[in-house]
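Descriptive structure summary
The chain contents come next:
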Amino acid sequence: MRGLTDKVAVVTGGGSGIGRAIALRLAEEGMRVGILDLNAQGATETAEAIRGSKGSAHLEVCDISDYEKVERAVAGFEEHLGPIHTLVNNAGWDMPSPFLKTTSDFWQKVVAINYMGPIHVTHATVKLMAKRNTGRVIFIASDAGRVGSSGEVVYSGCKGATIAFSKALAREVARNNVLLNCVCPGPTNTPAMDTFVGGGEQGQKIRDALVRSVPLGRIGEPADYPGLVAFLASDDASFITGQTISVSGGLTMHG
Ligand SMILES: NC(=O)c1ccc[n+]([C@@H]2O[C@H](COP(=O)([O-])OP(=O)(O)OC[C@H]3O[C@@H](n4cnc5c(N)ncnc54)[C@H](O)[C@@H]3O)[C@@H](O)[C@H]2O)c1
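In this report, we go over the structure that sits alongside the text. (Residues numbered from 1 in each chain as written. Predicted model: local features only at pLDDT ≥ 70, side-chain atom pairs only at ≥ 80, totals over all residues. Heavy atoms only, no water.)

Points about the side chain of Asp 37
Looking at the element boundaries, Asp 37 is found in strand E2 (residues 32-37). Of the side chains with opposite charge, Arg 20 comes closest to the buried, unpaired Asp 37, at an N-O distance of 7.7 Å. Those residues in contact with Asp 37, other than ones at most four positions away along the chain, are Gly 13, Gly 14, Gly 15, Ser 16, Ala 43, Glu 60, Val 61 and Cys 62. (Helix = DSSP H or I, 4+ residues; strand = E, 2+ residues; numbered from the N terminus. Buried < 20%, exposed > 50% of the residue type's maximum accessible area, 1.4 Å probe, protein only. Lys, Arg positive; Asp, Glu negative; His and termini not counted. Salt bridge = Lys/Arg side-chain N within 4 Å of Asp/Glu carboxyl O. Contact = heavy atoms within 4.5 Å.)

Brief notes about the packing of helix H1 (residues 17-28) against helix H9 (residues 226-233)
The geometry of H1 relative to H9 is characterised by a closest axis approach of 9 Å and an angle of 50° between their N-to-C directions. Relative to H9, the element H1 lies oblique. When the axes of H1 and H9 are compared, the crossing they make is right-handed. Contacts between H1 and H9 involve Ala 21, Ile 22, Arg 25 and Leu 26 from the first element and Pro 226, Gly 227, Val 229 and Ala 230 from the second. (Axes fitted to C-alpha atoms, helices over the stretch in contact; angles between N-to-C directions. Parallel < 35°, antiparallel > 145°, perpendicular 65-115°, else oblique. Left-handed = near helix turned anticlockwise from the far one by under 90°.)

Some remarks on the sheet that holds E2
A sheet is described by the order of its strands in space; here 7 strands give the open sequence E3-E2-E1-E4-E5-E6-E7, paired in parallel fashion. Both edges of this open sheet fall to strand E3 (57-61) and strand E7 (244-247), since each of them pairs with a single strand only. Pairs of neighbouring strands in the sheet enclose a mean axial angle of 20°, with direction left out of account. Pairing of E2 with E3, which is carried by 5 bridges, proceeds in the parallel orientation. When the sheet's bridge partners are listed, Ile 35 is paired in E3 with Leu 59. Docked against the sheet, H1 engages strand E1 (8-12), E2, strand E4 (84-89), strand E5 (135-140) and strand E6 (178-185), running at close to 170° with respect to E1. (Pairing = 2+ DSSP bridges.)

Honestly, it's all geometry; don't read function into it.
Now the structure itself:
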């Protein structure tokens, strides 16, 4: 990809699943990669894998639902790696359950991580990008935010809100040459998916049903997303902002 070498990318949730695959790919493209994750062990494994391939990585253990900690983490990335060019808002969490069986404490946790979290990291980072008149923000949203997902009602709402948030901010900061876009995965083989479908015979039945619903005949793998993320961070995407792209084997098709 053009224009990525030696630039700095921060990937939230880079210690697992889709975020790890994105962090490794951006490092392979020559970017200096910051990993922000609540999970110190996962973040350390990703950072070590990058350093083992002669890349540059720095990690900050941080909960994205806490704005003050996020601000400190963003400062730490800039101190160790340099000015952040690309932010990948990937960290997310859910525990599937029918909406009518969930409680206020649960909704607040889901919103704190999946909606307030990306707002915190975006605010702390974009204010620096805007001053420098350059930056990219890529949100890993979800097809759940475009078409809804049973058992993930509040999470779906957060992802839909994230998509609208990214478009509104894309309009505000276009004059600062900060570009924001969303990537929407469909069901993907990660630890989060294992939680969603559960184990045993019932889990396998849900997996089989998901596969049948995807025109390309399989669920996603973490490696399905990093190419698009790298493109959206690259010089070739310098006229693309406020867009939402599904990467889900044709599960959802949008005009
Ligand atoms: N797996 C899927 O089927 C699927 C489908 C659509 C969208 N997504 C989205 O893709 C993204 C990555 O999901 P994944 O499947 O790789 O999940 P994952 O559980 O494998 O990884 C998520 C990472 O985010 C981190 N994280 C969670 N809460 C955090 C917090 N408060 N602060 C900092 N870090 C936190 C976790 O520690 C973990 O390392 C999420 O935003 C998810 O909503 C996943």
